[in-house]
Structures are given as C-alpha cells and as structure tokens.
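Letter by letter, the chains look like this.
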Amino acid sequence: MRPLLPGDMDMAVRALMAVPEPARPVLARQLLDEAHIADKTCRRLGRAHPAFGDGSLYEAARRHRRENLPDYCNDSYCAALAVLIEAVLARKSA
C-alpha cells in the first residue's frame with residue numbers, strides 16, 4: 001500500500017461512516033487489503049488494478065459507498081477514524 005496521506009484517511013473514514021458501526025472494522029481491513037493488492041499490481045504490471053485502483057487507500061475507499069465529510073470532527077467521524085487507525089496499526093504490527 002502506498003504511504004497514507006490525510007486525503008486517504010478522509011476518504012476511508014467517509015466509506016466507514018457509510019456502514020453500520022459493527023461493520024466498520026471489517027471494512028477498514030478490507031480497504032487496507034484492497035489498497036495493498038492494488039499497490040502490488042501497480043508495481044508488477046505498471047498500471048492500476050481494475051477494481052481497487054492505484055494502491056492508495058484513497059482510491060480503494062473511493063470505490064465504495066461514502067458519506068459526506070461533516071463540517072467538523074463529530075462523534076461519528078471520530079469513531080470511524082479510530083477504527084481506521086486501529087486497523088492501520090494492527091496491519092503494521094502483523
């Protein structure tokens with residue numbers, strides 16, 4: 001997976017906010033897996049993965065249903081961001 005940037009995090013949080021809270025950890029792991037697969041494809045073939053994009057979390061999340069970003073970091077945004085951060089940290093420690 002490509003390095004995480006703030007835009008990646010926002011797009012992934014928008015995708016997480018579009019699903020019920022119990023489904024968010026599974027989707028967070030799925031988004032990270034899709035970005036990883038896409039990055040490997042890009043490196044190997046020199047082109048984007050047809051389903052998952054260019055290897056960025058932004059592109060993986062963009063292909064899912066998403067909510068609009070709130071005007072401020074409300075409870076839903078913060079909870080989804082926490083789920084995403086937990087998934088990123090779990091992947092790094094694995």
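Residues numbered from 1 in each chain as written. Predicted model: local features only at pLDDT ≥ 70, side-chain atom pairs only at ≥ 80, totals over all residues. Heavy atoms only, no water.

**Q** Mind showing me how you'd approach the overall build of the chain here?
**A** Looking only at helices and strands, one finds 4 helices and 0 strands in the chain. Written out in order from the N terminus, the α and β elements of the chain read α-α-α-α. A compact globule built from 94 residues would reach a C-alpha radius of gyration of about 12 Å, and the chain, at 13 Å, matches this within 12%. Once the C-alpha set of the chain is aligned to its principal axes, its extents read approximately 40 × 30 × 20 Å. Across the 94 residues in the chain, those meeting the buried criterion constitute 38%. Here the contacts in the chain between residues at least 6 apart in sequence split such that 67% fall between residues at least 24 apart. (Helix = DSSP H or I, 4+ residues; strand = E, 2+ residues; numbered from the N terminus. Rg over C-alpha atoms; globule rule 2.2 N^0.38 Å. Buried < 20%, exposed > 50% of the residue type's maximum accessible area, 1.4 Å probe, protein only. Contact = heavy atoms within 4.5 Å.)

**Q** Help me understand helix α4 (residues 75-93) in this model?
**A** Owing to its 3.6 residues per turn, the α-helix brings residues three or four apart onto one side. Here α4 contains 19 residues, and its C-alpha end-to-end distance of 27 Å stays within 8% of the 27 Å for a straight helix at 1.5 Å per residue. Considered for burial, the residues of α4 that qualify are Y77, A80, V83, L84, A87 and V88. Seen from one end, α4 has its buried residues packed into an arc of 130°, which puts them on one side. Projecting away from the buried face of α4 at angles above 90 degrees are the exposed residues D75, E86, L89, K92 and S93. Of the surrounding elements, those touching the buried residues of α4 are α1 (6-17), α2 (24-45) and α3 (57-62). For α4, the side-chain oxygen to backbone nitrogen distance between the N-cap and S76 is 3.2 Å, and the N-cap itself is N74. (Expected span 1.5 Å × (residues − 1). Arc of directions from axis to C-beta. Polar contact = N/O pair within 3.5 Å; in protein donor to acceptor, adjacent residues only side chain to side chain.)

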